[in-house]
Amino acid sequence: MIEREQLEMDVVFVGAGPANLAAALHLKKKIAEHDEFVEKGMKPGRIIGDLEIAIVEKGPFVGAHILSGAVMDPIAIRELMPDFLEQGCPVDSAVTSDAFWYMTESRAINAPIVPPPLKNKGKYIVSLSKICEWLAEKCEEAGINIFPEFPASEVLYDEHDRVIGIRTGDKGIDKEGRSKGNYEPGVDLLAKMTVLGEGSRGSLAKHLMQRLGLMEGKEPQVFSLGVKELWEVPAGNFDEGKVVHTLGFPSDTDTYGGGWIYGMKNNIVSIGYVTGLDYKDPNIDPHAEFQKFKTHPKIAEILQGGKMLKYGAKTINTSGFWTMPRLYSDGVLIIGDSASFLNGQRIKGIHTAMKSGMLAAETIVSAFEHQDFTSAVLKHIEEKVHLSWIYDELHPVRNFHASFQSGRWSALINTGLQFVTGGLAWGFMPKEHHVAGYERMEKLESYQNDGTRYENVKFDKSLTFDKVTDVFHAGVAHDEDQPSHLHVLDTEICATRCAEEYGNPCQRFCPAAVYEMEFNPKTDRKELKVNFSNCVHCKTCDIADPYQIINWVTPEGGGGPNYKGM
Ligand SMILES: Cc1cc2nc3c(=O)[nH]c(=O)nc-3n(C[C@H](O)[C@H](O)[C@H](O)COP(=O)(O)OP(=O)(O)OC[C@H]3O[C@@H](n4cnc5c(N)ncnc54)[C@H](O)[C@@H]3O)c2cc1C
């Protein structure tokens, strides 16, 4: 029996992303306000006092595992901190112009009118990693404890399935599972309130939703994969403050996808491509789709003479309103991307993640006021969401992603109809509405790979990069002498059924060359090799595997990509 240290906290936030950082800061502010009003007799109730608040983060520092585009809608940060700019929030550039390009193979057709959801003038181009680092400093100034290098590896429950905190991952275990000299067992952080803000496909949130049935009556969450590079380009190639979104090439019409190019200060360009992880063709490789996007003459022209600086890939929870889990259970709340708060039509989730965190904070104040941490009080988070601008923004686009599951053309008609009907328009929707991405992948027999899809991508390490080179630019590091954090539950399926039926799509959907089928002379067949140390923590494998036999769990603290400044 392992002896573990137990630390008693009042509130534990899992993940230092925009959702939880905003939540923790707002909580501090709201408690101070509440106590002041009670003290002055302006409000009935009890004084809450100073709470012990902790944020645990798996990355080596806050921001290390944060990857976004990003154009930030400042609506939430302005509510959190009206003087965020005066306080030094490190936004990069204000958006000065917007464009929407429809891409054919050789042309980029500039839409005469930018669709309203993609208008960004007045918003900010940011490095979300920098913003989170800065918000973490603000949290620490406010007395909130931040523990980087502390992955939460499991949720702790009492005998009635009430959440009572989290356990952090053990350190110093070798790849055979034996303790090394530096072994340190994980700590149990016991808390009256636990908040999961782990981002897209949170590993604890996934477990919690399954165990407590929080997705009952909801549609399955559907994800996309965003693959991004930061480039330095010659002056004049792309203006600072310019925002371009694209549709079309290289996605086929059955596949949800689109690109972005954002002009930042000092001739830095953020460029990336999003591929829906509900594609049908098992030969699709989202990393190669992005590389192909860059070969388009209009895009290649922008990057001409430039240098790729950094790489990253992360999933995006794009399905929205219908796929939000129940946001509460006894002792716990789920916020941000883990709970489908992103607006899939705008591919924006920073502001909704922050706002969901602020509403969680207000719910937690009520829980402490009444000393009641059960669902009876915590259920009010849903009411708060419904009464906030989150509902006004997400409800009208509730059918957006599902309509793309019928193909691009019907989706475009449907999106137009949704725009005028406030989100209705069912005519072209798939019968089942949102369908989990892995269920949509079709077998190889329907999609023979004739090798032409990526034939023009040269991976020349100048314009286009192979996965291994890109992973190097993600600064990924994991101690190799630890158990793999990618649990493949039945590798026999990989060598047999999956090889035959889907051609082992993990080799393609993983954007970090983690999965390889390698010939084993002893068994005379190809078998799965998992290069877990390449993993960029995007969670694609956990989501897209057609047999759902890959489980992403947290590796030893501090391991993973380094997205500083991304
Ligand atoms: C490629 C890409 C482009 C995007 N572009 C935009 C854009 O232009 N505008 C916009 O508004 N939104 C954009 N988004 C979406 C936006 O980034 C997210 O909606 C937002 O970051 C969600 O915030 P979050 O706090 O919920 O999660 P995240 O930002 O994902 O943060 C979660 C944090 O929790 C940590 N964590 C996870 N699990 C654990 C654990 N078990 N223990 C400890 N720590 C853990 C992670 O390391 C991470 O630091 C984009 C997303 C991607 C991937």
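Provided above is the structure to which this section pertains.
Residues numbered from 1 in each chain as written. Predicted model: local features only at pLDDT ≥ 70, side-chain atom pairs only at ≥ 80, totals over all residues. Heavy atoms only, no water.

On to helix H5 (residues 286–295). Of all the 10 residues making up H5, nine are buried; the element is thus mostly covered by neighbouring parts of the structure. Among the residues of H5, those classed as buried are Pro286, His287, Ala288, Glu289, Phe290, Gln291, Lys292, Phe293 and Lys294. The N-terminus of H5 is capped by Asp285, whose side-chain oxygen sits 3.0 Å from the backbone nitrogen of His287. (Buried < 20%, exposed > 50% of the residue type's maximum accessible area, 1.4 Å probe, protein only. Helix = DSSP H or I, 4+ residues; strand = E, 2+ residues; numbered from the N terminus. Polar contact = N/O pair within 3.5 Å; in protein donor to acceptor, adjacent residues only side chain to side chain.)

Counted according to the given criterion, the structure contains three cavities of 30 Å³ or more. By volume, the largest cavity amounts to about 90 Å³. As for the largest cavity, its lining consists of Val488, Cys494, Cys498, Pro505, Cys506, Phe509, Tyr515, Leu528, Asp545, Pro546, Ile549 and Ile550. Of all elements in the fold, only helix H15 (491–501) and helix H16 (506–509) reach the threshold of two or more residues within the lining of the largest cavity. Partitioning the lining of the largest cavity into residue classes produces 11 nonpolar, no polar and one charged. Here the second largest cavity is characterised by a volume of approximately 70 Å³. (1 Å grid on protein atoms, 1.4 Å probe; cavity = no way out; pocket = protein on both sides within 12 Å on 5 of 7 lines; lining within 4 Å. Points joined across faces, edges and corners; volume = space filled by probe spheres on them. Nonpolar A, V, L, I, M, F, W, Y, C, P; charged D, E, K, R; others polar.)

A separate point is the site of the ligand. Around the ligand, the surrounding shell holds 38 residues, and the nearest of these are Glu57, Ser68, Val71, Lys314 and Asp337. Contacts to the ligand include Ala19, whose backbone N or O atom sits 3.0 Å from an oxygen atom. Contact distances for the ligand include 2.9 Å between a nitrogen atom and a backbone N or O atom of Ala152. For the ligand, the protein covers 98% of the area, taking 1,000 Å² as the surface of the free molecule. Contributing elements (two or more residues each) for the shell around the ligand: helix H1 (18–39), strand S16 (257–263), strand S18 (307–317) and helix H7 (350–370). Residue composition of the shell around the ligand, by class: 20 nonpolar, 12 polar and six charged. (Near = heavy atom within 4 Å. Areas by Shrake-Rupley, 256 points an atom, 1.4 Å probe, with all protein chains shown as cover.)

Looking now at the packing of aromatic side chains. Considering all chains together, one arrives at nine aromatic pairs under this definition. By way of ring pairs, the aromatic residues Phe321, Trp322 and Tyr391 are connected into one cluster. Sitting above the plane of the Phe150 ring, Lys171 keeps its charged end 5.0 Å from the centroid. Stacked on the ring of Tyr328, the Lys or Arg Arg326 has its end atom at 5.0 Å from the ring centre. (Phe/Tyr/Trp six-rings, centres within 6.5 Å; stacked < 30°, edge-to-face > 60°. Lys NZ or Arg CZ within 6 Å of the ring centre and 35° of its normal.)

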